[in-house]
Amino acid sequence: MAEISDPKIAFAYLRPTCVLLTREPTVTNVELLSAQLKEVNDATLQQLQEYVLFPLRFVLKVPGPKKDKLVQAVAEAISYVLENTCVQRWDTLHDLLSELCLCLCCPTDPGKPADTSEELKTAVLRCLDALLHAAYGDIVFKLFEPVMLAGLGAAISLLLALGEKEKSRDIQAAALKCLQTLTLQCDCTQEHIVPSSEERSIIGSTMASFLPGITVAVARIITGDLRQGHAVTVRAIKVWSRTVGLVMEDAQLQASEPCKTPSPDLGRIGQLLVHRTESWVKSTAGKLFVLLRKIVSCTSAHQHWTVRLEMVELDDHLLARCSQSLGECVGLLLEALVGAINDEEPRVRKRCEVALRAVSQRNQSCSSSCDTSKSSSSAQTFTDVLSENLHVLATSLPRLMRTTDDQKKLFVLNVFLGYLKVLGPLVSVVLNSAAHLERISKALMQVLELDVMDVRIVEERSYAASIETSSGSHDSYTAHIQRKHFLYFTDEKIFSVLMEICRTLGYYGNIYLLTDHFLDLYQMSSAYRKQAAMVLNEIVRGSAGIAVATETHGLESQVWRHSATQEDLKMAVVSIMEEYTSLKNWHLITVGEEMDRDREDQQLLSPSRLVSISNSNASNTNANSLQVIPSTFASPSPSLSTSTIHHLNSNIWQLCIQLEGIACFAQALGRDFRPLLMTSLYPVLEKAGEETLLISQAALGTMWDVSKACGYHSLKELINENSDYLLNDISLNLQRLSKHPQAPRVLTVMLTHSDCSLLPLVGDIVQDVLMALDLSYDNTAALFCSVLHTLMAALARWFPSSCGRVGESARPKQTSTHKEVLNIRQFLLDYRKQKELAEGIGIEEEDTKGLEVPPPIECEDVKDIGGPDVKAELPSHLRITKEVMERCIHLLSNPSLRVRLKVLDVLELCVCVLSEKENEMLPMAHRCWPALLQRLTADDPLAVLRAFRMLCTLGETCGDFLRRRVSKEVLPKLSSSLARQAPISAKAGPVYTHTLVYKLQLAVLQGLGSLSQRLDLDGNLVQP
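Because the structure is predicted, anything quoted here is derived from the model rather than measured.

## A closer look at the overall build of the chain
For the chain, the count of helices and strands is 48 helices and zero strands. For the chain, buried positions account for 50% of its 1024 residues. Taking as baseline every contact in the chain between residues at least 6 positions apart, the subset at least 24 positions apart corresponds to 78%. In the form shown here, the chain has an accessible surface area of approximately 48900 Å², with 54% of it arising from carbon and sulfur atoms.

## Some remarks on unusual backbone geometry
In this structure, Leu184 takes a positive phi of about 60° despite not being glycine. Summarising the element assignment, Leu184 is placed in the loop between helix H9 (169-182) and helix H10 (197-207).

## Some words on the environment of Cys103
Within the element layout of this structure, Cys103 appears in helix H6 (residues 90-104). Its relative accessible area of 17% is what places Cys103 among the buried residues. A C-alpha to C-alpha distance of 9.0 Å links Cys103 and Pro113, two positions 10 residues apart in sequence. For Cys103, the residues in contact, after removing those within four places along its chain, are Leu60, Val71 and Val124.

## So, the environment of Asp115
Following the sequence through the fold, Asp115 ends up in the loop between H6 and helix H7 (118-134). Under the relative-accessibility criterion, Asp115 is labelled exposed at 80%. Distance from Asp115 to Cys105, taken between C-alpha atoms, is 8.4 Å for residues 10 residues apart in sequence.

## Quick look at the packing of aromatic side chains
All chains considered together, the criterion is met by eight aromatic pairs. Ring centres 5.6 Å apart and planes at 75° place the aromatic pair Tyr992 and Tyr998 in the edge-to-face group. Judged by relative accessible area, which is 12%, Tyr992 ranks as buried. Judged by its relative accessible area of 24%, Tyr998 is partly exposed. Site record: aromatic cluster; members linked through ring pairs are Phe486, Phe489 and Phe495. One Lys or Arg, Arg529, reaches over the ring of Tyr522 and ends 5.6 Å from the middle of that ring. Above the ring of Tyr712, the side-chain terminus of Arg674 is found at 4.3 Å from the ring centroid.

## Considerations on the pattern of salt bridges
Applying the stated criterion across every chain, the model contains 33 salt bridges. Between Glu249 and Arg200 there is a salt bridge whose closest N-O contact spans 2.9 Å. Linking Glu249 in the loop between helix H12 (230-247) and helix H13 (250-255) with Arg200 in helix H10, this pair joins segments that are 49 residues apart in sequence. The exposure class of Arg200 is buried, given its relative accessible area of 16%. One salt bridge in this structure joins Lys442 and Glu438, with 2.9 Å as the shortest N-O distance. Here Lys442 and its partner Glu438 are both found in helix H22 (residues 434-447), four residues apart, which amounts to about one turn of the helix. Here the residues in one salt-bridge network are Arg57, Lys61, Asp95 and Glu99, joined through shared partners.

## Brief notes about the nonpolar core
If you look at the biggest cluster of nonpolar residues, it comprises 306 residues, and the most contacted ones within it are Trp240 and Phe673. Here this core gets 13 residues from one element, more than from any other, and that element is helix H39 (residues 777-798). Those residues within four positions of Trp240 in sequence are excluded, and the remaining contacts are Thr215, Val218, Ala219, Ile222, Leu288, Leu291, Leu292, Ile295, Leu314 and Leu318.

## A few points about helix H33 (residues 677-688)
One turn of an α-helix holds 3.6 residues; hence residues three or four places apart share an orientation. For H33, with 12 residues, the first-to-last C-alpha span of 15 Å sits near the 16 Å given by 1.5 Å per residue. The complete set of buried residues in H33 reads Leu677, Ser680, Leu681, Tyr682, Pro683, Val684, Leu685, Glu686, Lys687 and Ala688.

## Focus on the packing of H33 against helix H34 (residues 693-709)
Where H33 meets H34, the closest approach of the two axes is 7 Å, and the angle between their N-to-C directions is 145°. The two elements H33 and H34 cross, and the hand of that crossing is left-handed. Of H34, the residues touching H33 (which contributes Leu677, Val684, Leu685, Lys687 and Ala688) are Ile695, Ser696, Ala699, Leu700, Thr702, Met703 and Val706. Class assignment for the residues of the contact of H33 with H34 results in nine nonpolar, two polar and one charged.

## Notes on a nonpolar patch on the surface
On the surface, Ile824, Phe827, Leu828 and Tyr831 cluster together into a nonpolar patch covering about 450 Å² of accessible area. Relative to the helices and strands, Phe827 resides in helix H41 (residues 824-839). Given a relative accessible area of 52%, Phe827 falls into the exposed group.

## What to know about the packing of helix H14 (residues 278-299) against helix H16 (residues 327-339)
Any two packed helices are characterised by the angle at which their axes cross and by the distance between the axes. Remark: H14 packs on H16, axes separated minimally by 9 Å, with the N-to-C direction vectors making an angle of 15°. Our classification of the angle between H14 and H16 gives roughly parallel. Where H14 crosses over H16, the two elements pack in a sense that is left-handed. Facing Ala285, Gly286, Leu288, Phe289, Leu292, Arg293 and Val296 of H14, the residues of H16 in contact are Glu328, Cys329, Leu332, Leu333 and Ala336. The class makeup of the residues in the contact of H14 with H16 is nine nonpolar, one polar and two charged.

## Brief notes about the side chain of His877
Its place among the elements puts His877 in helix H42 (residues 876-891). Every residue in contact with His877, bar those within four places of it in the chain, is listed here: Leu759, Leu795, Phe799, Val913 and Glu916.

## Digging into the environment of Leu291
Looking at where Leu291 falls in the secondary structure, it is placed in helix H14. Put simply, Leu291 and Thr215 are 76 residues apart on the chain and 7.8 Å apart in space, counted from C-alpha to C-alpha. With sequence-adjacent residues up to four places away left out, Leu291 is seen in contact with Thr215, Val216, Ala219 and Trp240.

## Thoughts on the confidence of the model for the chain
A low pLDDT score tells you not to read the predicted coordinates there in detail. For the chain, per-residue confidence averages 80 on the pLDDT scale, and 80% of positions sit at 70 or higher. Note on residues 371-380: pLDDT is under 50 here. Beyond four places in sequence and across chains, it has eight contacts. pLDDT under 50 marks residues 843-867. Its contacts with residues more than four places away, or in other chains, come to 10 contacts.

## Structural notes on the state of the cysteines
Linking two cysteines covalently through their sulfur atoms gives a disulfide. Per the counting criterion, the structure on display carries zero disulfides. With no disulfide of its own, Cys105 lies 7.4 Å from the sulfur of Cys106, the closest cysteine sulfur. Cys105 sits in the buried class, given a relative accessible area of 9%. Summary of cysteine pairing: Cys958 is not part of a disulfide, and the nearest cysteine sulfur, belonging to Cys928, is at 7.9 Å. By relative accessible area, Cys958 is classed as buried at 4%.

Basis of the calculations
- Residues numbered from 1 in each chain as written.
- Predicted model: local features only at pLDDT ≥ 70, side-chain atom pairs only at ≥ 80, totals over all residues.
- Heavy atoms only, no water.
- Helix = DSSP H or I, 4+ residues; strand = E, 2+ residues; numbered from the N terminus.
- Buried < 20%, exposed > 50% of the residue type's maximum accessible area, 1.4 Å probe, protein only.
- Contact = heavy atoms within 4.5 Å.
- Areas by Shrake-Rupley, 256 points an atom, 1.4 Å probe, with all protein chains shown as cover.
- Phe/Tyr/Trp six-rings, centres within 6.5 Å; stacked < 30°, edge-to-face > 60°.
- Lys NZ or Arg CZ within 6 Å of the ring centre and 35° of its normal.
- Salt bridge = Lys/Arg side-chain N within 4 Å of Asp/Glu carboxyl O.
- Core = buried A, V, L, I, M, F, W, Y, C linked by side-chain atoms within 4.5 Å.
- Expected span 1.5 Å × (residues − 1).
- Axes fitted to C-alpha atoms, helices over the stretch in contact; angles between N-to-C directions.
- Left-handed = near helix turned anticlockwise from the far one by under 90°.
- Nonpolar A, V, L, I, M, F, W, Y, C, P; charged D, E, K, R; others polar.
- Patch = residues over 30% accessible without salt bridge, like charges linked within 9 Å, V, L, I, M, F, W, Y side chains within 5 Å.
- Parallel < 35°, antiparallel > 145°, perpendicular 65-115°, else oblique.
- pLDDT = per-residue confidence, 0-100.
- Disulfide = S-S within 2.5 Å.

What follows is the structure in structure tokens.
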């Protein structure tokens, strides 16, 4: 249906309903009128506004109680009229405002909201908002005349009560929006009256009377229960900032006229007037500071980003309009604004940058136009304010980190970081002040103090086996890195912000100044050493521009940072690494208990048992002689019994942080770090072989970071490309084990992460190790067994072979009769040889006296057929394996169980590697049999278990060569042992499965079948 545009027709159409409503004020009649109003266009409705509003207002004026539904329907009808028309008469505005407020307030206590339905309150608040928006021309400013103070105050009090005490979020937000609209500062999309400066000053003078009540009540809403929702908090912040900005605006206060005596006609209302004098402004600013500090503390780290964004708007609004009148609050506002520059929400960060840029520009323009007659505070530059705030914050930072919760700590650190980012290149100027640098550095030292009381750090050990088998990617190491625990905070975000602070200092600061200062702190006290190292690591990364937010914040856009050149960075790195890898800071005590292996290592390092292997001088006749070297090692380590967990953990974390530092330096220098590998890679490999798990993990992570930064694709490439000077250092250090006891571990790490291309280079080093083992195996066995185990594991990995390979005579095969006739002589010779070897005859004789016919060699030259027989030279890996196996045979009877177990592991690997050469394998198996038999029959159960595993490997390799020995010397004892243990295991409970006897019994039962099959043993021999 078309809208009615003729006023006469519209009047005739609406008149019956209006009359009916006046006579019978019911919900039905109100809804009928509302429906008819929607059929009239806006221009016609504007002409009939007074006539239409009369019956609706009449319903509200009827004395006596009214139903909520009726009042709600009337409010909705009035809202429709006001949203589509303008209020042009002051009387209508005044009367409607009063009538609507009466609908909201309690009849008996007008200062409190009525106990009505939420729907009614929502409808009335919507109507009130429409009324204030519909006010046309200058009539709205009559609300702020002195005579209206009482009525205006009643409306403000009612809206504040609804905003603070209502349970409905919608009603709270609607009441606060009405309050904002009442001061002509609504931010909705409708058209609004823009007051002139004079009109704004009138509004500000009137609202000054209500400023205390509004700010206090709204502050309670802002800092109230979080369950009220972010929308209410955002609206409350807007009301607070707009009201304060209106009353305390600098432009109004500077242009205000001298206070006038209120007109006597006002009577007692004149006492409500507030004159914004200088003393009043100062007093009010102090009270607002208290409220603002509470608001900032509650909202700066609010969970919802819109609240944080609105706080940025508040800061910007008040700094732009009230920087002089709220001089006491400027520092707090600036602090809150700076704290938002690192917000996790991009929209908050972007708005904050715009606000800071505007603040800087206003300050610069103010400083440039400042007269000498003005106060010194107004002439103070923005940099001075920021640097002073930074100094104050650094002073209070340790206290705040000790006494506040993690949320507050995070905000404080974000403010600290924000100051650095806002200062930008001027950070270097600020740090030139000794007071600022000292305060900032000491604050970082105290905040970054580690909690080193976790006993697990000392207890967790790394083992060579686990390192050898883990050849994964960088992620497999970084996934297990221990998280640092700090004394004064637990949130990982706080640590991230602290590290970003250090990087920002390095990015904008002078690299030489910062390096020297924090190195002094590093050397000053062990209490600062770990913190100083963490700071130095991040300073170097920041100076290289790694993980630094470099976006400009507009404070000094024409100035860029004084970048540290690559040469400056390299010099700083060299000086720090020299301090890190010095003897006193690198070789720290990290083990708190003296176990068997530690005693053996200590014996090795005792002055009277130090061996020097000197092969460099060929003319010296005593080149391989045993020499006693006087110990020049530092003073003996303190008794481990007095070393506390705190001290050991501190040393472990210090080494880990220094290892992380080397990785940071490599990242900062990139390929320019390659020349520094000559001095840094060897110490890192030392720590990669450490038994303390935390240190070894940190070192392996460092190796990955260094290889990536220097352009190597893997650890293998890193080690191979730098193996020349690494092996040279190992060779020299093996001769001075008193000073370099970690040299064998470096070799272990190299073998673990390299490939067969390293073997030609490492051959001489292996000979040095074996020579040292020969000269004093009683003392060096524990130290070098791990090296030999790693060496054999590497050879087994580099030269894979089937451990089940056996001689031709051990493999039954079917051939043709013709071939059997032709090869019968060779068969008989081989049989005789195998029988003699099994009985131990002729093992040591090299010459077989014509009994052995060498197999034909395909590649043999025809001319050499008639020449003498020459034994082919063994490949290097087999020669090394044979030599290692010969040493290990002697060590099988070592008194130390730990050494015997390690030797059995090494022998098992030797058997696998040597299995491809049967002529060498079988004699070695014969030589090791007596010692192995002792381990199988008369040793600790743990050694028996390991020895049986080696026997199974020998069986797979040697075949029927061991048949007679096993059947006569091993099987009877094993079968009798199993027979004795069978009744016990049959009656044993679940705990039995955790005993060593059970594990031995299970291993024998699992391996005996395959061993018997491989050796082709008769079933009768297996029986007890």
